[in-house]
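Fold and geometry: a report
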Amino acid sequence: MGGKVAASMMMQAPDKIRSLVGISPVAPAPVPLDADSEALFFGAAESADSRKMILDITTGNRYSERWLGSMTAHSLDNSTVPAFSGALKSWVGDDYTAELGGPVAPILVFAGEHDPALSADVLRQTWLQMYPDVELVELAACGHYAMYETPIALVSAMEDFLDRN
């Protein structure tokens, strides 16, 4: 949940942050989940099938079983159950909105065209409402995982932003 961490760091050490780039960033506010979503996400800490379902949903149900299986295996190989559960608890519950205010660096946020969870509309309703200097880029042909789905478009837009800021 790098978006929450980055937002908190920006408030704690504004003199150390020149600019911020968020890739499908979670806003620094709590995220309410309905019962089905909560069961799916929190069940994914210990369920490969739930992780795969989340990957499929957040990429717009567009990828092959092989790709989804590879991404699921990568998730399982690179996280522990406590770390996965802790990240989910942070995503759903942590609230840094009381820290908003003061000087803020320029921010670039990315949304994937096919990401229903952190869509461009969601980022407009959160990041663009919470901060004064936010640029939004919606990546075409992309879901939640831009670094895997559209890496060249992601890096090109990121480099352009960082060159200007």
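In this text, all values refer to a predicted model and were calculated from it rather than measured experimentally.

Calculation rules
Residues numbered from 1 in each chain as written. Predicted model: local features only at pLDDT ≥ 70, side-chain atom pairs only at ≥ 80, totals over all residues. Heavy atoms only, no water. Salt bridge = Lys/Arg side-chain N within 4 Å of Asp/Glu carboxyl O. Helix = DSSP H or I, 4+ residues; strand = E, 2+ residues; numbered from the N terminus. Buried < 20%, exposed > 50% of the residue type's maximum accessible area, 1.4 Å probe, protein only. Lys, Arg positive; Asp, Glu negative; His and termini not counted. Polar contact = N/O pair within 3.5 Å; in protein donor to acceptor, adjacent residues only side chain to side chain. Contact = heavy atoms within 4.5 Å.

1. Regarding the pattern of salt bridges
Inspection of the entire model under this criterion finds five salt bridges. Salt-bridge contacts for Asp121 lead to Arg124; the nearest nitrogen and oxygen are separated by 2.8 Å. Of this pair, Asp121 and Arg124 are both found in helix H6 (residues 120-125), three residues apart, which corresponds to roughly one turn of the helix. Classification of Asp121 as partly exposed rests on a relative accessible area of 47%. By relative accessible area, Arg124 is classed as partly exposed at 38%. Linking Asp160 and Arg164 is a salt bridge whose minimum nitrogen-to-oxygen distance equals 3.2 Å. Within this pair, Asp160 and its partner Arg164 are both found in helix H9 (residues 151-164), separated by four residues, close to a single helical turn. Classification of Asp160 as partly exposed rests on a relative accessible area of 40%. Within this structure, Glu135, Asp160 and Arg164 form a network of salt bridges that share partners.

2. A look at the side chain of Arg51
Following the sequence through the fold, Arg51 ends up in helix H3 (residues 48-58). One buried charged side chain, Arg51, makes no salt bridge at all; its nearest oppositely charged neighbour is Asp77, positioned 8.4 Å away. Side chain to side chain, Arg51 and Ser79 meet in a polar contact 3.0 Å long. The residues contacting Arg51, other than those within four sequence positions of it, are Ala44, Ala45, Thr72, Ser75, Leu76, Ser79 and Phe84.

3. Observations regarding helix H1 (residues 2-12)
An α-helical turn contains 3.6 residues, so a residue and the one three or four places further along point in the same direction. What H1 keeps buried is the set Gly3, Lys4, Ala6, Ala7, Ser8, Met10 and Met11. Considering only its buried residues, H1 is in contact with strand S1 (20-23), helix H5 (81-93), strand S2 (107-112) and helix H7 (127-130).

4. Re unusual backbone geometry
In the Ramachandran plot, Ser24 falls in the positive-phi region, its phi being about 50° despite a non-glycine side chain. With respect to the secondary-structure elements, Ser24 resides in the loop between S1 and helix H2 (35-43). In this model, Asn61 sits at a positive phi of 50°, which is unusual for a non-glycine residue. Turning to its location among the elements, Asn61 is positioned in the loop between H3 and helix H4 (65-77).

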